[in-house]
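# Overview (structure and organization)
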Amino acid sequence: MNRNATPAQPIHALHVERFSPYNFDPAQDVALEDLQSMFEAARWTASAFNAQPWRYIVGHKSSQPELWQAVLDVLVPGNQAWGQHVPVLALGLIRKDFEHNGKPNAWAQHDLGAASANLTVEATSRGIRVHQMAGIEPELAIERFELAENIQPVTALAMGYAGPNPELDPDIATRDENPRQRLAVEEFLLAGSL
Ligand SMILES: Cc1cc2nc3c(=O)[nH]c(=O)nc-3n(C[C@H](O)[C@H](O)[C@H](O)COP(=O)(O)O)c2cc1C
């Protein structure tokens, strides 16, 4: 499956190769050492006040099937339809307040996104794909994982190897053939020219 980006300027191969598949190979597990390195990459992310507000709940199907199932259960049905075939499912969460003064951390979601992006780059370097999801049931996650009041579920992450998945609903499988579309840089550059 070639889903490579078609960049208008030279960029690193890791950005070209990254994409968010629907077809994950259900037979190919992710090694624990790869997962450890992916979360280590997240760990070294920059963050406002170095607060490191990202939190994760990781369900590895082969080693912790009950936790994996619990993460699957809090995805919206549309994401469960393909997420059920993915060997690693995680939730991305934030700590909403700063530890140093108890005030709301307005940059927590930003920093979670940055951590997940770094995790994704590390994954890509290992041939592993990450498909993030906003489609989760936050209230269900709070209940299911007995989350503290200052913790907010934000995203989910599916992690595994891309590959044909014969078990996947064909209507979902064909999404991996849709053209990849992007704004031109000029369209998101509100001021300044390159
Ligand atoms: C924060 C975030 C939330 C997303 N939510 C969903 C989702 O709930 N379901 C889904 O199928 N894809 C989801 N995606 C994947 C995007 O649709 C995908 O990244 C986008 O179409 C660009 O495709 P690419 O990642 O292959 O370049 C999400 C991606 C991000 C970063």
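These numbers come from a predicted model, not from an experiment. (Residues numbered from 1 in each chain as written. Predicted model: local features only at pLDDT ≥ 70, side-chain atom pairs only at ≥ 80, totals over all residues. Heavy atoms only, no water.)

### Some details on the sheet that holds strand β1 (residues 54-60)
Within the open sheet, the four strands sit side by side as β1-β2-β4-β3. Their pairing is antiparallel. The open sheet has two edge strands, β1 and β3 (129-133), and neither has a second partner. Ignoring which end each strand starts from, the neighbouring axes of this sheet average 25° apart. When strand β2 (residues 88-95) meets strand β4 (residues 151-160), the two strands line up antiparallel, connected through eight bridges. Note on β4: the bridge partner recorded for Leu 89 is Ala 158. Running over the sheet, helix α3 (residues 65-73) touches β1 and β2 and is turned about 120° from β1. (Pairing = 2+ DSSP bridges. Helix = DSSP H or I, 4+ residues; strand = E, 2+ residues; numbered from the N terminus. Axes fitted to C-alpha atoms, helices over the stretch in contact; angles between N-to-C directions. Contact = heavy atoms within 4.5 Å.)

### Some thoughts on the site of the ligand
Of all residues adjacent to the ligand, which total 13 residues, the nearest are Ser 20, Tyr 22, Ala 134, Arg 180 and Arg 182. For the ligand, an oxygen atom lies 2.5 Å from a polar atom in the side chain of Ser 20. One of the side-chain nitrogen or oxygen atoms of Arg 180 is found 2.5 Å away from an oxygen atom of the ligand. Relative to its free-state accessible area of 620 Å², the ligand is covered by the protein chains to the extent of 61%. (Near = heavy atom within 4 Å. Polar contact = N/O pair within 3.5 Å; in protein donor to acceptor, adjacent residues only side chain to side chain. Areas by Shrake-Rupley, 256 points an atom, 1.4 Å probe, with all protein chains shown as cover.)

### Describing the pattern of salt bridges
Applying the stated criterion to the full structure yields five salt bridges. A salt bridge links Asp 34 to Arg 126; the nearest nitrogen and oxygen atoms lie 2.7 Å apart. Pair noted here: Asp 34 is in helix α2 (residues 32-43) and Arg 126 is in the loop between α5 (108-125) and β3, with a separation of 92 residues, a long-range link. By relative accessible area, Arg 126 is classed as partly exposed at 30%. Put simply, Glu 40 and Arg 43 hold a salt bridge, and the shortest N to O gap is 2.7 Å. (Salt bridge = Lys/Arg side-chain N within 4 Å of Asp/Glu carboxyl O. Buried < 20%, exposed > 50% of the residue type's maximum accessible area, 1.4 Å probe, protein only.)

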